[in-house]
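# Summary of the model geometry
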Amino acid sequence: MQNKSTHINDWKKASVKSTVSMKDVLMVISEGNMQIALVVDDGCHLSGTVTDGDIRRALLRGDGLETPINTLMNDNPITGLLDEDESLWQRTMQRYTLRHLPLLNANGCVVGLARFEPPKEPRRDNPVILMAGGLGTRLHPLTQSQPKPLLEVGSKPILETIIENFADHGFHNIFLCINYKGEMIKQYFGDGSRWNVDITYIEESKRMGTAGALSLLPNKPDMPFFVMNSDLLTKVDFVRLLHFHQKHSASVTMCTREYAHQIPYGVINLEGHEVIDMAEKPTHRFNVNAGIYVLEPDTLDTIPNDNYFDMPGLIDNLLEQKKLVKSFPIH
């Protein structure tokens, strides 16, 4: 699990106390040739990190070399756990554009430092089923001449960005469920070879719902598979999501995000006519469905053939059967 090419065991050479100056940290970074210093307290816990970039920015804004390092360190650094698979360290560094990742043990003590290496993703056979058949009514008139998945965000269609993200994670077995202006989608993506993926099209002759469309798969998957709406732009780590699903032996893992709603008035709690308390413009927070799922193959057994059936209905059925449904929070 711990490859010496990425796991630096002599991390103490990069460690400093929070009382030292910028000059001292600059020497540690320079001599250690690690481009980072770990600020560790008198015990073993990580107080923060300082990179060579932090030093440069401090000098440019006029801070002197005697400036205490605790005034410019990152006191909430991204970290990894020693007992995680090394691939998770690498994915974390890639996601947050880090060159190094402090590693902690179960007690929160610094025990290592991982170095980023460009990923070499293996090919992953898990099917990816993307729902691309919607009418896009809420986006009229934009979707009157083309389907919503082909609308461009930045310089390319939304669906192209989604497919590229899955391909970057090694997933190549793509299914596109199409209906409204589906021929335009087929013409644009073809067999998927431009993105080094294999695309199979599932053509819906009528509205099937997200779960109902799964009954049209040509073959039942023999491994966990992804289902995702094709109008979502996300940086979710699909490999981490799959690992989470498998680790918890879930029937379904659904991505969720927090939604906050602020009441624009003072809310009064009453008992009869007596005011108990008042909250001024309170914010209520909810976990909402993000439209990204990982499912086990046997979940398809509960889906009726060739009928409209949506994901909430499938989730409800599985919960009634006491199947495990997990939430994977995304931000």
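This structure is a prediction, so every number in the text was calculated from the model and none was measured.

For an α-helix the count is 3.6 residues per turn, leaving residues at separations of three or four pointing the same way. What helix H1 (residues 22-32) keeps buried is the set Met 22, Val 25, Val 28 and Ile 29. Here the buried residues of H1 occupy an arc of 120° about the axis, which is enough to place them on one side. Of the exposed residues in H1, those oriented more than 90 degrees away from the buried face are Ser 30 and Glu 31. Buried positions along H1 lie against strand S2 (15-16), strand S3 (36-40), strand S4 (46-51) and helix H2 (52-60). Downstream of H1 by a residue or two, Asn 33 has a phi angle that is positive, lying close to 55°.

Packing of helix H3 (residues 86-96) against helix H7 (residues 238-247) brings their axes to within 10 Å, and their N-to-C directions diverge by 140°. As H3 packs across H7, the resulting crossing turns out to be left-handed. On the side of H3, the interface is formed by Ser 87, Leu 88, Arg 91 and Thr 92, while H7 contributes Val 239, Arg 240 and His 243. Of the residues that constitute the contact of H3 with H7, the class distribution is two nonpolar, three polar and two charged.

For the chain, per-residue confidence averages 86 on the pLDDT scale, and 92% of positions sit at 70 or higher. The low-confidence segment residues 1-5, where pLDDT is below 50, has 12 contacts with residues more than four positions distant or belonging to other chains.

Here we come to the state of the cysteines. The final tally for this structure, using the stated rule, is one disulfide. No disulfide involves Cys 177; its sulfur sits 18 Å from that of Cys 255, the nearest cysteine.

The full count for this structure, using the stated rule, is 10 salt bridges. Where Arg 285 meets Glu 258, a salt bridge forms, and the shortest distance between an N and an O atom there is 3.3 Å. Taken as a pair, Arg 285 in strand S17 (residues 283-295) and Glu 258 in strand S14 (residues 252-262) lie far apart in primary sequence, 27 residues in all. The exposure classification of Arg 285 matches that of Glu 258, with both residues exposed.

This brings us to unusual backbone geometry. Phi angles above zero are rare outside glycine, and Ser 249 is one such case at about 50°. Relative to the helices and strands, Ser 249 resides in the loop between H7 and S14. We classify Ser 249 as exposed; its relative accessible area is 60%. Despite not being glycine, Lys 322 has its phi angle at roughly 65°, a positive value.

Tracing the sequence through the fold places Glu 204 in the loop between strand S12 (198-203) and helix H6 (209-212). Buried charge Glu 204 goes without a salt bridge, the closest partner of opposite sign being Arg 207 at 7.6 Å. Those residues in contact with Glu 204 that lie beyond four places of it in its chain are Cys 177, Ile 178, Asn 179, Ala 213 and Leu 216.

Right, let's get into the sheet that holds S4. Here we have three strands laid out as an open sheet, ordered S2-S3-S4, and mixed in their pairing. The open sheet has two free edges, formed respectively by S2 and S4, since each of these has just one partner strand. One ladder, built from two bridges, connects S2 with S3; its direction is parallel. In the sheet register, Val 16 faces S3, and the bridge partner there is Val 39.

A separate point is the nonpolar core. Counting 31 residues, the largest nonpolar core has Leu 130, Ile 163, Phe 166, Leu 176, Phe 189 and Phe 226 as the members making the most contacts within it. Breaking this core down by element, the ones donating at least two residues are strand S8 (128-132), helix H4 (158-168), strand S11 (173-178), helix H5 (182-189), strand S13 (225-229), H7 and S17. Beyond its immediate stretch of four places on either side in the chain, Phe 226 contacts Asn 126, Pro 127, Val 128, Ile 129, Phe 166, Phe 171, Phe 238, Leu 241, Leu 242, Tyr 293 and Val 294. Ranked by size, the runner-up nonpolar core spans 23 residues in total, among them Phe 225, Met 254, Ile 303 and Leu 314.

The strand order across the open sheet built from seven strands is S12-S11-S8-S13-S17-S14-S18, with neighbouring strands paired in mixed fashion. At either end of the open sheet lies a strand with only one pairing partner, and these are S12 and strand S18 (325-329). Strand-to-strand twist of the sheet, defined as the mean angle between neighbouring strand axes without regard to direction, takes the value 30°.

All right, on to the packing of aromatic side chains then. In this structure the tally under the stated criterion is nine aromatic pairs. Measuring from ring centre to ring centre gives 5.2 Å for Phe 244 and Phe 328, while their planes differ by 70°; the resulting arrangement is edge-to-face. With Phe 244 in helix H7 and Phe 328 in strand S18, this residue pair connects regions lying 84 residues apart in the sequence. Phe 328 sits in the buried class, given a relative accessible area of 10%. By the ring-pair criterion, three or more aromatic residues cluster together here, those being Phe 166, Phe 171, Phe 226 and Phe 238. A cation sits over an aromatic face here: Arg 124 above Phe 171, 5.9 Å from the ring centre. Across from the ring centre of Tyr 188, 5.5 Å away, lies the NZ or CZ of Arg 194, which sits over that ring.

Here we come to the pairing of S13. Among the five residues in S13, four count as buried, and that is most of the element. As paired strands, S8 and S13 are joined by four bridges and run parallel to one another. Paired with Met 131 across the strands is Asn 229, a residue of S13. By the bridge criterion, four bridges tie S13 to S17 in an arrangement that is antiparallel. Residue Phe 225 lies in a different strand from S17, and its bridge partner there is Leu 295.

Conventions used here
- Along each chain, the written sequence defines residue order, and numbers are assigned to residues from 1.
- Residue-level local features of this predicted model are given only where pLDDT is at least 70; pairs of side-chain atoms are given and counted only at 80 or more, and the full residue set underlies all totals for whole chains, interfaces and linings.
- The side-chain quantities take in all heavy atoms of the structure and omit both hydrogens and water.
- Under the scheme applied here, a residue whose accessible area is under 20% of the maximum for its type counts as buried, over 50% as exposed, and between as partly exposed, the area being computed with a 1.4 Å probe on protein chains only.
- Strands are runs of DSSP state E lasting at least 2 residues, helices are runs of H or I lasting at least 4, and numbering of each runs from the N terminus.
- What the arc describes is the spread of directions from the helix axis to the C-beta atoms.
- Pairs of residues are marked as contacts when any of their non-hydrogen atoms sit within 4.5 Å.
- Between the N-to-C directions of two axes lies an angle of 0 to 180 degrees, each axis being a line fitted to C-alpha atoms and, for a helix, fitted only over the stretch in contact.
- Throughout, a crossing is termed right-handed when the near helix is turned clockwise from the far one, and left-handed when it is turned anticlockwise from it by less than a right angle.
- By the convention adopted, Pro, Cys, Tyr, Trp, Phe, Met, Ile, Leu, Val and Ala count as nonpolar, Lys, Arg, Asp and Glu as charged, and the other residues, Gly among them, as polar.
- The pLDDT value expresses, per residue, how confident the predictor is, ranging between 0 and 100.
- In what follows, a disulfide is any cysteine sulfur pair within 2.5 Å.
- Take a side-chain nitrogen of Lys or Arg and a carboxyl oxygen of Asp or Glu: if they are within 4 Å of each other, that pair is a salt bridge.
- Lys and Arg are tallied as positive, Asp and Glu as negative. Neither His nor the chain termini are counted.
- Here the rule is simple: two strands pair whenever DSSP picks up at least two bridges between them.
- By convention a nonpolar core is built from buried Ala, Val, Leu, Ile, Met, Phe, Trp, Tyr and Cys residues, the set being connected through side-chain atoms within 4.5 Å.
- Only the six-membered ring of Trp is used, alongside the rings of Phe and Tyr, when aromatic pairs are assigned; centres must lie within 6.5 Å, and planes under 30 degrees apart are stacked while those over 60 apart are edge-to-face, with the rest tilted.
- Should the NZ of a Lys or the CZ of an Arg lie within 6 Å of a ring centre and within 35 degrees of the ring normal, that charge is described as sitting over the ring.

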